[in-house]
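# Notes for the structure review
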Amino acid sequence: MKGMKCHIMEGKEMKYDRCPNCMQALTEDVASCPYCEFEIANYKERPTCLRPFTVLQNKYMIGRVIGVGGFGITYIGWDMNLQTYIAIKEYYPENFVTRNTQTENASNQVVAKEANKEDYEKGLKRYVEEAQNLSRFYTLPGIVSVKDFFYENGTAYIVMEYINGINLKEYLNNAGGKLPEATVLSLMKPVFESLFIVHNGGLVHRDISPDNIMVTTE
């Protein structure tokens, strides 16, 4: 497994020596991070996701999972060269592939199922096109900018700017499942404006959902 080993074992319980949210070094076992207040004790790793503190391309450190969809996993990350937070999106179509990063012989390698190899390759090609298309619209305020793209672990990764906030689904749940009309229009205005330009550029998003819309701290 390629990555920086920043966790230790104590019996059967995993303890991190870094916070999986802010990646700050920890000097003792704590339930929550003293820097960002992230609840470390309650964080559960997923066997299909990269483990916290895995390093990609010798410069991107993986943090916690911030989103999982049918075709990809998004992690908070840390650019070790520029010393800035980033978001890293990994192509992982869960119905087409297998991986277990929690076993004794764990590997970060994404393996396509025999019956789905062709679909996986087609999807990977579209994923590359997604990164290229996103990079065309980096000036739009409603769309995250792409910083890098690379292949590793038998799959591909898009490195994007990190948006400090929560997704619209969580925002809605926190509000009790309903939002005032004025709030909805205010939140969706930059999304509509950006989509208008994107669609005029010949690109159809096809994956607009509350999971993919971020509400920033501002």
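Here the structure is a predicted model, which is why all the values come from computation and not from measurement. (Residues numbered from 1 in each chain as written. Predicted model: local features only at pLDDT ≥ 70, side-chain atom pairs only at ≥ 80, totals over all residues. Heavy atoms only, no water.)

## Things to note about the nonpolar core
Note on soluble globular proteins: their nonpolar side chains tend to be buried together. In this structure, L56 and I88 are the most contacted members of the largest nonpolar core, which totals 40 residues. For this core, the secondary-structure elements that each account for two or more residues are β3 (55–56), β4 (60–68), β5 (72–79), β6 (84–91), α1 (117–136) and β10 (155–161). In terms of residue count, β10 provides more of this core than any other element does, five residues in total. Ignoring anything within four residues of it in the chain, the contact list for L56 reads L50, I62, I88, F150, E152, N153 and Y157. (Core = buried A, V, L, I, M, F, W, Y, C linked by side-chain atoms within 4.5 Å. Buried < 20%, exposed > 50% of the residue type's maximum accessible area, 1.4 Å probe, protein only. Helix = DSSP H or I, 4+ residues; strand = E, 2+ residues; numbered from the N terminus. Contact = heavy atoms within 4.5 Å.)

## Thoughts on the environment of E118
Following the sequence through the fold, E118 ends up in helix α1. Counting along the chain gives 99 residues from E118 to C19, while the straight-line C-alpha distance between them is 38 Å.

## A short note on the pairing of β10
For β10, the tally of buried residues reaches six of seven residues, placing the bulk of the element in the interior. Sheet topology places β6 next to β10; five bridges connect them, and they run antiparallel. Across the sheet, residue A87 finds its bridge partner in β10, namely M160. The turn joining strand β9 (residues 146–152) and β10, which pair antiparallel and follow one another in sequence, is formed by two residues; a positive phi near 60 degrees is taken by N153. (Pairing = 2+ DSSP bridges.)

## Things to note about the sheet that holds β10
On the basis of which strands lie adjacent, the open sheet formed by six strands has the order β3-β4-β5-β6-β10-β9 and antiparallel pairing. For this open sheet the edge positions go to β3 and β9, each flanked by a neighbour on one side alone.

## Let's talk about the packing of aromatic side chains
Counted under the stated rule, the structure contains nine aromatic pairs. Judged by centre distance (5.8 Å) and plane angle (15 degrees), the ring pair of Y60 and F150 falls under stacked. Placement of Y60 in strand β4 and of F150 in strand β9 is noted, with a sequence separation of 90 residues between them. We classify F150 as buried; its relative accessible area is 5%. For the pair Y91 and Y127, a centre-to-centre distance of 5.1 Å together with 40 degrees between the ring planes defines the contact as tilted. Here Y91, found in strand β6, pairs with Y127, found in helix α1; they are 36 residues apart in sequence, far enough to count as distant. Using a relative accessible area of 2% as the deciding quantity, one classes Y91 as buried. Ring pairing ties together the aromatic residues Y60, F150 and Y157, which thus form one cluster. (Phe/Tyr/Trp six-rings, centres within 6.5 Å; stacked < 30°, edge-to-face > 60°.)

## Some remarks on the confidence of the model for the protein
Across the protein, pLDDT averages 89, with 93% of residues at or above 70. Per-element averaging of pLDDT across the protein places strand β1 (residues 7–10) at the bottom with 44 and β3 at the top with 98. Counted against residues more than four places away or in other chains, residues 1–12, with its pLDDT under 50, gives 34 contacts. (pLDDT = per-residue confidence, 0-100.)

## Topic: the side chain of E90
By the secondary structure assignment, E90 is in strand β6. Looking at E90, the relative accessible area reads 0%, which means it is buried. Here the side chain of E90 touches R99 through a polar contact of 2.8 Å, side chain to side chain. Here E90 is in contact with L50, F71, G72, I73, Y75, R99, V110, Y127, T155, A156 and Y157, once residues within four sequence places are set aside. (Polar contact = N/O pair within 3.5 Å; in protein donor to acceptor, adjacent residues only side chain to side chain.)

## Digging into the pairing of β6
Pairing analysis gives eight bridges linking β5 to β6, with the strands arranged antiparallel. Opposite D79, over in β6, you have T84 as the bridge partner. Where β5 folds back on β6, the antiparallel hairpin that results is connected by four residues, among which Q83 adopts a positive phi of roughly 60 degrees.

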